[in-house]
Amino acid sequence: MQQDLIIIFAIVWVGMAVGSYMLFQRGKDVARKRKLWPIYTIGSNVVVAAVIVYIQPPLYTMLALLALLVPVTIMTVRSTKFCDACGSPSRSPFFMKPPANCSHCQKPLK
């Protein structure tokens, strides 16, 4: 039973990775990318949190990891912008302002 749950987590994670690639890297619909990016980011971090809880590390470690996921999720959503011209995602390093120009075509981002 326990191995089955880890396999399910792995299948969900691979499915989310493939979906992310198809939507956010290959897709051209910028409005849909902007709408779905926060949902995807939160969903993927919920899967990570579920794996952390399932593995059951020591209580303080588990709480610290789960607490760390919240700001990481917020910073990931805030630091990612999508270019209107080419549809590519551009990301800035954490704790910095969102990117001003597209990393692919160098046009200004909104």
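Note: the structure precedes this text.
J.: What is the right way to read the environment of Gly19 from this model?
T.: The topology assignment puts Gly19 in helix α1 (residues 2–26). In the structure, Gly19 is positioned 14 residues away from Leu5 in sequence and 21 Å away in space, judged by C-alpha atoms.

J.: Help me understand α1 in this model?
T.: Each α-helix turn comprises 3.6 residues. Residues three or four places apart therefore point the same way. The first and last C-alpha atoms of α1 sit 35 Å apart over 25 residues, in line with the 36 Å expected at 1.5 Å per residue. Burial in α1 covers these residues: Phe9, Met16, Ser20, Leu23 and Phe24. The elements touched by buried residues of α1 are α2 (30–55), β1 (80–82) and β2 (89–91).

J.: I tried to follow the packing of α1 against α2 on my own but got confused; where do I start?
T.: Axis angle and axis distance: for two packed helices, these are the angle between their axes and the distance between the axes, and together they describe the pair. α2 packs onto α1 with a crossing angle of 160° between their chain directions and a minimal axis gap of 11 Å. Comparing the axis directions of α1 and α2 gives the class roughly antiparallel. In terms of crossing hand, the pair formed by α1 and α2 is left-handed. Note on element contacts: α2 touches α1 through Arg32, Lys33, Leu36, Trp37, Tyr40, Gly43, Ser44, Val47, Val48, Ala50, Val51 and Tyr54, opposite Gln2, Gln3, Leu5, Ile6, Phe9, Val12, Trp13, Met16, Ala17, Ser20, Leu23 and Phe24.

J.: Just checking my understanding: could you explain unusual backbone geometry for this structure?
T.: Negative phi values dominate among residues other than glycine, just as trans dominates among peptide bonds. For Gln56, which is not a glycine, the phi torsion comes out positive at approximately 55°. Examined against the element boundaries, Gln56 turns out to sit in the loop between α2 and α3 (59–78). You can call Gln56 exposed: its relative accessible area is 63%.

J.: Would you mind going over the pattern of salt bridges with me for this structure?
T.: Side-chain pairs of opposite charge can arise where the charged atoms are in close proximity. Using the criterion set out here, one finds two salt bridges in the structure. Close ionic contact of Arg32 with Asp29 constitutes a salt bridge, the shortest N to O distance being 3.6 Å. When its relative accessible area of 43% is taken as the criterion, Arg32 is described as partly exposed. For Asp29, a relative accessible area of 37% puts it in the partly exposed group.

J.: I would appreciate a short explanation of the nonpolar core in the present structure.
T.: General note: in soluble globular proteins, nonpolar side chains tend to be found buried as a group. Counting residues in hydrophobic clusters, the biggest one holds five residues: Leu23, Phe24, Val30, Trp37 and Phe82. Counting only elements with at least two residues in this core, the list comes to α1 and α2. If sequence neighbours within four positions are ignored, Phe24 has contacts with Lys33, Leu36, Trp37, Tyr40, Phe82, Gly87 and Pro89.

J.: Teacher, can you tell me more about the environment of Ser88 here?
T.: Structurally, the position occupied by Ser88 is in the loop between β1 and β2. Under the relative-accessibility criterion, Ser88 is labelled buried at 17%. If sequence neighbours within four positions are ignored, Ser88 has contacts with Lys33, Lys81, Phe82, Cys83, Cys102 and His104.

Conventions adopted
Residues numbered from 1 in each chain as written. Predicted model: local features only at pLDDT ≥ 70, side-chain atom pairs only at ≥ 80, totals over all residues. Heavy atoms only, no water. Helix = DSSP H or I, 4+ residues; strand = E, 2+ residues; numbered from the N terminus. Expected span 1.5 Å × (residues − 1). Buried < 20%, exposed > 50% of the residue type's maximum accessible area, 1.4 Å probe, protein only. Contact = heavy atoms within 4.5 Å. Axes fitted to C-alpha atoms, helices over the stretch in contact; angles between N-to-C directions. Parallel < 35°, antiparallel > 145°, perpendicular 65-115°, else oblique. Left-handed = near helix turned anticlockwise from the far one by under 90°. Salt bridge = Lys/Arg side-chain N within 4 Å of Asp/Glu carboxyl O. Core = buried A, V, L, I, M, F, W, Y, C linked by side-chain atoms within 4.5 Å.

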